[in-house]
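Structure assessment
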Amino acid sequence: MPVVVLVLLALLLVFVITVLVKTVRIVPQARAGIVERFGKYKQTLPAGLNIVVPFIDKVRYLIDLREQVVSFPPSSVITEDNLTVEIDTVIYFQVIDPVAATYEIANYIQAVEQITMTTLRNIVGGMDLEQTLTSRETINSGLRGVLDEATGKWGIRVGRVEIKSIDPPPSIKDTMEKQMRADRDKRAAILTAEGQRQSAILTAEGQKQSAILQAEGARESAILRAQADRESAILRAQGEGQAIQTVFQAIHDGRPDQSLLAYQYLQMMPKIAEGDANKVWIVPSEIGKALEGLGSTMNNLQGIPQEVDGPRTRVDMGPSDPQVPSAVGEGSEATAAVQAAIREAEDAAQPRRAAAAAAGEGDGGSESPAPPAPPTAPPTS
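How each quantity is defined
- Residues numbered from 1 in each chain as written.
- Predicted model: local features only at pLDDT ≥ 70, side-chain atom pairs only at ≥ 80, totals over all residues.
- Heavy atoms only, no water.
- Helix = DSSP H or I, 4+ residues; strand = E, 2+ residues; numbered from the N terminus.
- Buried < 20%, exposed > 50% of the residue type's maximum accessible area, 1.4 Å probe, protein only.
- Contact = heavy atoms within 4.5 Å.
- Areas by Shrake-Rupley, 256 points an atom, 1.4 Å probe, with all protein chains shown as cover.
- Axes fitted to C-alpha atoms, helices over the stretch in contact; angles between N-to-C directions.
- Parallel < 35°, antiparallel > 145°, perpendicular 65-115°, else oblique.
- Left-handed = near helix turned anticlockwise from the far one by under 90°.
- Nonpolar A, V, L, I, M, F, W, Y, C, P; charged D, E, K, R; others polar.
- Pairing = 2+ DSSP bridges.
- Expected span 1.5 Å × (residues − 1).
- Arc of directions from axis to C-beta.

1. Considering the overall build of the protein chain
Of regular secondary structure, the protein chain possesses nine helices and nine strands. Burial status across the protein chain gives 24% buried among its 381 residues. Long-range contacts, defined here as pairs at least 24 residues apart, represent 67% of the contacts in the protein chain between residues at least 6 apart. Here the protein chain displays about 25,600 Å² of accessible surface, and carbon together with sulfur accounts for 58% of that area.

Okay, structure coming up:
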């Protein structure tokens, strides 16, 4: 009898524990439990401790309410220009209605994948390859709009749709690489040409400026040379004019006579004979008369008196200092030569004057001129 009671008590304890287990259900955070009674939806259990009727109510599904990320395998899509590309997509979604997600569709993940593939083919089919590669944001927005509308009745909200990769065929990749390489080469050639163009422009500008500066320098140099030549010519002309005036004044002051002319002829003879190549002498026509007057004091040269009477008349020579630089002055060689010639002329004229004066005193004031005295010999160097 006691054994039977113990067995019954044990069975009763097991039954009570089973009833408690079936009655108390703990739902984790961010989960929702779907309760069915006799196979029919009864209620949705929230997170935490929940009490259900044992053996009658059953928690059929635990739905995850967190946002989920599903990466679908690559799908082949044909573009508008009949090129096949492989596109990988990533879907971010969240269950907002556990009952609809449980009873409206059997497998909502698979449904989302299929809708994503069909919508992607529809969107990419209206684009060419270049648009497909550069319009990811447009594709994402189109996919999200279609998926959000289609999955709304399933109790699912699509948060984001991302295109993970777009892979064109290998031949297209090779062609694109060649095109990109050609484009880069083109840009490099353009940049090189631009650099050469700028270099040529700068070089031409430099040559232009150099030519302008050289022309200006040549012009300034020519102007300076012309001014220097003008000043030099002016100075030479002033010097020659001063020399001529000095000689002319010396001639008037010395009152030359026939003896001075003969002496000048004798001075010209060595200069005529200068030079080793001189074979012919040019003798002036008056040299005979000059020699006659030099050898005989009785004969007179026409146009040149034996003596000069009357007061001396000076010629106005202007300012005594010529308008020349300080380098051409009284101490220059030209002035010294002129003064030496004047002294020689005066020395040559003095004996003749003395002889004439003596003759005049002996004749008692006779008007006939005295014979000219022989000229003195030129000083030997």
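Don't stop here, the text continues.
2. Structural notes on the packing of helix α3 (residues 108-124) against helix α5 (residues 136-150)
Axis separation between α3 and α5 bottoms out at 10 Å; the angle between their running directions is 135°. Taken together, the axis directions place α3 and α5 in an arrangement best described as oblique. In the packing of α3 onto α5, the handedness of the crossing is right-handed. Of the residues in α5, those in contact with V112, I115, T116, T119, L120, I123 and V124 of α3 are I139, G142, L143, V146, L147 and A150. Looking at the contact of α3 with α5, its residues break down into 10 nonpolar, three polar and no charged.

3. So, the pairing of strand β8 (residues 84-95)
Look at any regular strand and the pattern is simple: side chains alternate between the two faces of the sheet. With five bridges connecting them, strand β6 (residues 67-71) and β8 associate as antiparallel partners. If you follow V69 over to β8, its bridge partner there is Y92. Note: strand β7 (residues 75-78) against β8, four bridges, orientation antiparallel. Looking at the pairing, S76 lines up with E86 of β8. Counted between consecutive antiparallel strands, the loop separating β7 from β8 contains five residues, among which N82 sits at a positive phi close to 60°. In terms of strand pairing, β8 meets strand β9 (residues 156-167) through 10 bridges, oriented antiparallel. Bridge pairing in β9 places I87 opposite I166.

4. Quick word on the sheet that holds strand β2 (residues 31-37)
Across the sheet, which stays open at both edges, the three strands sit in the order β3-β2-β5 with antiparallel pairing between neighbours. Each edge of the open sheet is held by one strand with a lone partner, namely β3 (40-45) and β5 (57-64). The average angle at which neighbouring strand axes cross in this sheet is 30°, direction not considered. Sheet topology note: the β2/β5 ladder contains seven bridges and is antiparallel. Bridge pairing in β5 places G33 opposite L62.

5. Some points on α5
For α5, with 15 residues, the first-to-last C-alpha span of 21 Å sits near the 21 Å given by 1.5 Å per residue. Every buried residue belonging to α5 is among I139, N140, L143 and L147, and all of these are buried. In an axial view of α5, the angular spread of the buried residues amounts to 100°, which keeps them on one side of the axis. The exposed set on the far side of α5, more than 90 degrees from its buried face, consists of E137 and E149. Among the structural elements, β8, α3, α4 (129-134) and β9 are those in contact with the buried residues of α5.

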